[in-house]
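Now for the letters of each chain:
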Amino acid sequence: MKIIAASGVSSLDFACEVLGNDGLVAFPTETVYGLGGNAYSDKAVAEIFRCKNRPFSNPVSVCYSSFFAISRDVEVNAKARLLAEEFLPGALTIVLRKRTDSKISRLCSAGGDTVGIRVPNNPVALNLLKKLDFPLAAPSANTSSELSTTTAQSVCESLKNYENLVILDGGPCNLGIESTIIDLSEENRPKILRKGAISQEEIERKCGFKLVAAGIQKIVGTQISAGTGRTVEVSRLSHYKPVKPIVINVRKIEEGDALLAFGNPIPGAKYCLNLSENSDLAEAAKNLFFMLRKLDSTDARRICVMPIPNTEIGAAINDRLEKATQKDN
Ligand code: TXA
Ligand code: MG
């Protein structure tokens, strides 16, 4: 395990060398840290699954330096262009049909015929991607079903069992919650697969089309992947799971509880961290995973979270918190 400052003179060159040899590099994005490997190499992508202990049934999105660069791997349609104009680089993942001549490892699609593409809005990520002549397969840099990571230190803790990892430290992530996933593989039926840093309302308002809620993360078992009639287990019920029990929408706490506050804290908690004293949702999103991780490492009995408004990025925060309360299936 090696953490290197992203600002170091030769840091990006070193990262490129590791990636060019099918190694893995964790890097900052504006949402959460990503665990990157050469998307054109089966060996590198398989290593990502191994490092995260991720089931091969869960597809991995692919990061590019520009929207222009994606057209060599996926079928770009008009709605995707519209989304890209409004939001990219930015916190969106767009699922599109993979081109038959694409070099992307089949492991990224988990047996389907689509690829989730992303152009992250973070200078370290973009500079790294620009230096490479391949895109990066990059799921969130955490052990599967654990909380996502928003600092280099959290990446180090979550993936501590993987010795060969290089982590580019670019400081804390700006947004702190994962991208919104839009499935445009059937262009006349655009779907939102995951709530995220950009709200559904904003996307619908700016792009002028409605999104059907497909909610892959809530489906237990299998889902038909677009067009093929093939079944792919896309996602599990429970993600983002802290070790301790977590209770949400809490107005009263008990002895020994840790409190994750929002606004004016309920008094009496053994430990208390505040997502945002000023009840600012963007600040709360930025703090969410880091503070959950901190409270999870205390000796508190439970993590109690105060109610958070379900508007804008608050909808994504509540989505993650609800998943954290669900039992594994
Ligand atoms: O903000 C983000 O999206 C971060 C940063 C690192 O880019 N990445 C991230 O990756 O959250 P991950 O793998 O933790 O979550 C991506 C989700 C997964 O739940 C996966 O099932 C879904 O995207 N996904 C990826 N490719 C897909 C595809 N072709 N079809 C349907 N869902 C896909
Ligand atoms: Mg993840």
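Residues numbered from 1 in each chain as written. Chains lettered and ligands numbered in written order. Predicted model: local features only at pLDDT ≥ 70, side-chain atom pairs only at ≥ 80, totals over all residues. Heavy atoms only, no water.

Take the packing of helix H7 (residues 281-296) against helix H8 (residues 313-325) next. Packing of H7 against H8 leaves a shortest axis separation of 9 Å and a crossing angle of 20 degrees. With respect to H8, the axis of H7 lies roughly parallel. Judged by the sense of rotation from one axis to the other, the crossing of H7 with H8 is left-handed. Of the residues in H8, those touching H7 at Leu281, Ala282, Ala284, Ala285, Leu288, Phe289 and Leu292 are Ile313, Gly314, Ile317, Arg320 and Leu321. (Axes fitted to C-alpha atoms, helices over the stretch in contact; angles between N-to-C directions. Helix = DSSP H or I, 4+ residues; strand = E, 2+ residues; numbered from the N terminus. Parallel < 35°, antiparallel > 145°, perpendicular 65-115°, else oblique. Left-handed = near helix turned anticlockwise from the far one by under 90°. Contact = heavy atoms within 4.5 Å.)

Once that is clear, we can look at the site of ligand 1. Around ligand 1, 24 residues are found, and the nearest of them are Thr31, Asn58, Arg118, Ser140 and Ser179. One of the side-chain nitrogen or oxygen atoms of serine 140 is found 2.7 Å away from an oxygen atom of ligand 1. Protein burial of ligand 1: of its 670 Å² of free accessible surface, 95% is covered by the chains. At the level of elements, strand S5 (92-97), strand S6 (114-118) and strand S10 (191-194) are the ones that each hand at least two residues to the shell around ligand 1. The leading source of residues in the shell around ligand 1 is S6, at 4 residues. Residues of the shell around ligand 1, tallied by class, amount to 10 nonpolar, 10 polar and 4 charged. (Near = heavy atom within 4 Å. Polar contact = N/O pair within 3.5 Å; in protein donor to acceptor, adjacent residues only side chain to side chain. Areas by Shrake-Rupley, 256 points an atom, 1.4 Å probe, with all protein chains shown as cover. Nonpolar A, V, L, I, M, F, W, Y, C, P; charged D, E, K, R; others polar.)

The subject of this paragraph is the pairing of strand S9 (residues 180-183). Here S9 shows a buried face lined by Thr180 and Ile182 and a second buried face lined by Ile181 and Asp183. For S5 and S9, the ladder comprises 4 bridges, and the chain directions are parallel. Paired with threonine 93 across the bridge in S9 is isoleucine 181. Relative to S10, S9 runs antiparallel, the two being bridged by 3 bridges. Opposite aspartate 183, over in S10, you have lysine 191 as the bridge partner. (Buried < 20%, exposed > 50% of the residue type's maximum accessible area, 1.4 Å probe, protein only. Pairing = 2+ DSSP bridges.)

Turning our attention to the nonpolar core. Of all hydrophobic cores here, the largest spans 97 residues; its most connected members are Leu83, Leu128 and Leu168. Top contributing element to this core by residue count: H7, with 8 residues. The residues that make up this core include at least three from each of domain 1 (2-236) and domain 2 (246-325). Those residues in contact with leucine 83 that lie beyond four places of it in its chain are Leu88, Leu92, Ile94, Ile182, Leu184, Ile203, Cys207 and Phe209. (Core = buried A, V, L, I, M, F, W, Y, C linked by side-chain atoms within 4.5 Å. Domains from an automatic or database assignment.)

In contact at an axis separation of 10 Å, helix H1 (residues 11-20) and helix H4 (residues 123-131) are set at 55 degrees when each is read in the N-to-C sense. Classed by the angle they form, the pair H1 and H4 counts as oblique. The way H1 lies across H4 gives a crossing that is right-handed. Residues Leu12, Asp13, Ala15, Cys16 and Leu19 of H1 pack against Val124, Asn127, Leu128 and Lys131 of H4. Of the residues that constitute the contact of H1 with H4, the class distribution is 6 nonpolar, 1 polar and 2 charged.

This part covers the sheet that holds strand S17 (residues 303-305). Strand order in this open sheet of 4 strands is S14-S17-S15-S16, and the pairing throughout is parallel. Here the strands that pair on one side only, and so sit at the sheet edges, are strand S14 (246-247) and strand S16 (271-274). Judged from the 2 bridges that link them, S14 and S17 form a sheet pairing that is parallel. Residue isoleucine 246 lies in a different strand from S17, and its bridge partner there is isoleucine 303.

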